[in-house]
Amino acid sequence: MTSKSAAITPQAYLQAQSRWHPLEIAFWLATLLPFLLFPNYLSLASQIAITALFALSLDIILGYAGIVSLGHAAFFGVGAYSAGLISKYGWGEPLTGLVAAAAIAGIVGYAVSFIISRFRHFTLIMITLGLGLLAFEAANRAHWLTGGSDGLQGMSMWPVLGLFRFDLYGYTAYTYSLVVLFVVFLGARRLLNSPFGLALRGIRENWVRMPAIGADSRAHIRKAFTIAAAIAGLAGALLAQTTENVSLESISFQRSADVLVMLVLGGAGRLYGGLVGAVIFMVARDQFSGIAPQYWYFWIGVLLVTVVMVLPNGILGGLSQIYARWRSK
Amino acid sequence: MSVSADRPIALATRGLSKAFGSLPVARDIEIDLPVGARYALIGPNGAGKTTLINLMTGMVAPNAGQILLGGEEITALGPQERVRRGLARTFQINTLFPGLNALEAVTLAVAERRAVSGQFWSRVGSHGEVIDDAYEILRKLRLGDSCYQATRELPYGRQRLLEIALALATRPKVLLLDEPAAGVPQEESGDIFEAVASLSDDLTLLFIEHDMHVVFRFASHIIVLVGGAIFTEGSPAEIAADPGVREVYLGKRKHG
């Protein structure tokens, strides 16, 4: 089946949309570069991979379905504390801990989705903001369980697959995070190219029309939100396991806001938007905080305002526009 | 007067009433749409024509009355359930998916009808039957050539056709068209109604339209709505000869 033939069939056209692009393969090969080029930065690389996973989860609901959330860190935090507590109370096996934490975050997400699916726009921003703050204060207050502002201490992780210990250099941590990111990405890629993914885009593009074509948007949103919450929980669990502690920061408003900024920087509603945004944000934070530790958000602000004004569809949106223009010449 | 007394009723309303605050917008509406009907709903601006479609399709809840689809009461059902039972509509103001192309949009609607839209593990491209179904509808409405173009980039007339294509993708028994040619230059509006008229004979149609030439050409029966109530109804010839209609509607249009 040639995708370039003049009379492309509708099915071939839609099949071509889910085909792998060479740039995608290049991107994933590039994720291996830190092992070779920056062996001293593997811990940072691991945190970037975890943040990218978190951004990917937000992209599913915000970028694809148009469901704005200012409290997405709640699920990241639930995953992180779940993984932390499972390990603290005696089960240090990483993979099962990861799955359990994701499941718990998914269950919480499913419960919350019944509220989320009823609202839109500004109301939804306020609701998710409120729920996020609620989760933060709950974690803060439950000192006996979470360690409150002292953080959750006393985690002890067993080697991954019984073979790979978490080392000081972050070698295992990055490998582990990257593999999880890649596997989840494959799943998300599949999901977003599915009929369900198309329905999510339909919700984003026109919420009013969906019932008029017989769609149950709320059911779609509940499903998407549950999946996104589980992935966010997975990311939180990864952070807890690889750093062997959980701080309140993992469930804070700051984290919810940061992930939104990353997604907007990279380009929401694009498979790689959150991933690219996470890389840019985390590297920028690392560099800027080296220059001026107190004021590094100043530069993130500059970056955000510039990108939003110049490239409304994010950095990837801008690049793909340039690419399209170049190809049409 | 009833041209189709022998035909079963596809859609009926019984004592349908609605008020927005103290303003009545639907007063005791009784309509019977026989299977295969081509009915026009006319009336001056603010007569409650669109509200009536909103009531029938469940987008607005009535204060009183019933709606029956194929003899079954659907008054309590949500809009999407009514669509699944075969009651579809189009919108006066384009209510499309701007960022999707026509093929994706209609494929989505077909996927909803065939209940595959919840599948998140199969690729859209692997659902050959859904896509063929969608493309066939687009081709019938002569949208086949432009189906890969983003909806927001389509010429306005084609967007109006896509409105109809999305409704047809739900495979309706009854289709309510809210000014299908609204905003389209008069010389093109005929094309849109040709496309509507060429739809299957089993499909029951009710359309709102202001252009009386179009109404007289395509409708087999006309319902005149004034101030939220049915003023009169009858064949095009009867309506054209009705002095009351001339006064409240036809005459008024000439001045307005």
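This text goes with the structure placed above it.
### Here's the deal with the interface of chain B and chain A
In step 1: Counting residues at the interface gives 39 residues for chain B, matched by 28 residues for chain A.
In step 2: Here the element with the most residues in the side of chain B that touches chain A is helix H3 (residues 102-113) of chain B; it accounts for eight residues.
In step 3: Here the residues of the side of chain B that touches chain A sort into 20 nonpolar, 13 polar and six charged.

### Describing the nonpolar core
In step 1: Within the largest apolar cluster, 180 residues are counted, with the highest numbers of intra-cluster contacts made by Leu 53 and Leu 234 of chain A together with Val 106, Leu 138 and Ala 165 of chain B.
In step 2: With sequence-adjacent residues up to four places away left out, Leu 53 of chain A is seen in contact with Val 180, Leu 181, Val 184, Ile 231, Leu 234, Ala 235 and Leu 238 of chain A.

### Here's the deal with the sheet that holds strand S6 (residues 87-89) of chain B
Each strand in a sheet pairs with another by means of backbone hydrogen bonds, the pair being arranged parallel or else antiparallel.
All names here are of chain B.
In step 1: In space, the six strands of this open sheet follow the order S6-S7-S8-S3-S9-S10, with mixed pairing throughout. A strand with exactly one partner marks an edge of an open sheet, and here the two such strands are S6 and strand S10 (229-234). Strand-to-strand, the axes of this sheet are offset by a mean angle of 20°, without reference to chain direction.
In step 2: When strand S7 (residues 174-178) meets strand S8 (residues 204-208), the two strands line up parallel, connected through five bridges. Paired with Val 174 across the bridge in S8 is Thr 204.

### Some words on unusual backbone geometry
All names here are of chain B.
In step 1: Backbone geometry at Asp 28 places phi at a positive 50°, although glycine is not the residue there.
In step 2: Mapped onto the secondary structure, Asp 28 falls in strand S2 (residues 23-34).
In step 3: A tally of 15 C-beta atoms within 10 Å means that Asp 28 is categorised as partly exposed.
In step 4: Positive phi, close to 55°, is recorded for Ala 115, a residue that is not glycine.
In step 5: With respect to the helices and strands, Ala 115 occurs in the loop between H3 and helix H4 (128-140).

### Regarding the sheet that holds strand S1 (residues 9-20) of chain B
Residues and elements named next belong to chain B.
In step 1: With antiparallel pairing, four strands are arranged side by side in an open sheet as S2-S1-S4-S5. Of all strands in the sheet, those bounded by a partner on one side alone are S2 and strand S5 (72-73).
In step 2: Across eight bridges, the pairing between S1 and S2 is antiparallel. Residue pairing for S2: Ala 12 is matched across the bridge by Asp 32.

Cut-offs and rules
- Residues numbered from 1 in each chain as written.
- Chains lettered and ligands numbered in written order.
- Predicted model: local features only at pLDDT ≥ 70, side-chain atom pairs only at ≥ 80, totals over all residues.
- Contact = placed C-beta atoms within 7 Å.
- Helix = DSSP H or I, 4+ residues; strand = E, 2+ residues; numbered from the N terminus.
- Nonpolar A, V, L, I, M, F, W, Y, C, P; charged D, E, K, R; others polar.
- Core = buried A, V, L, I, M, F, W, Y, C linked by C-beta atoms within 7 Å.
- Buried ≥ 20, exposed ≤ 12 C-beta atoms within 10 Å, placed from the backbone.
- Pairing = 2+ DSSP bridges.
- Axes fitted to C-alpha atoms, helices over the stretch in contact; angles between N-to-C directions.

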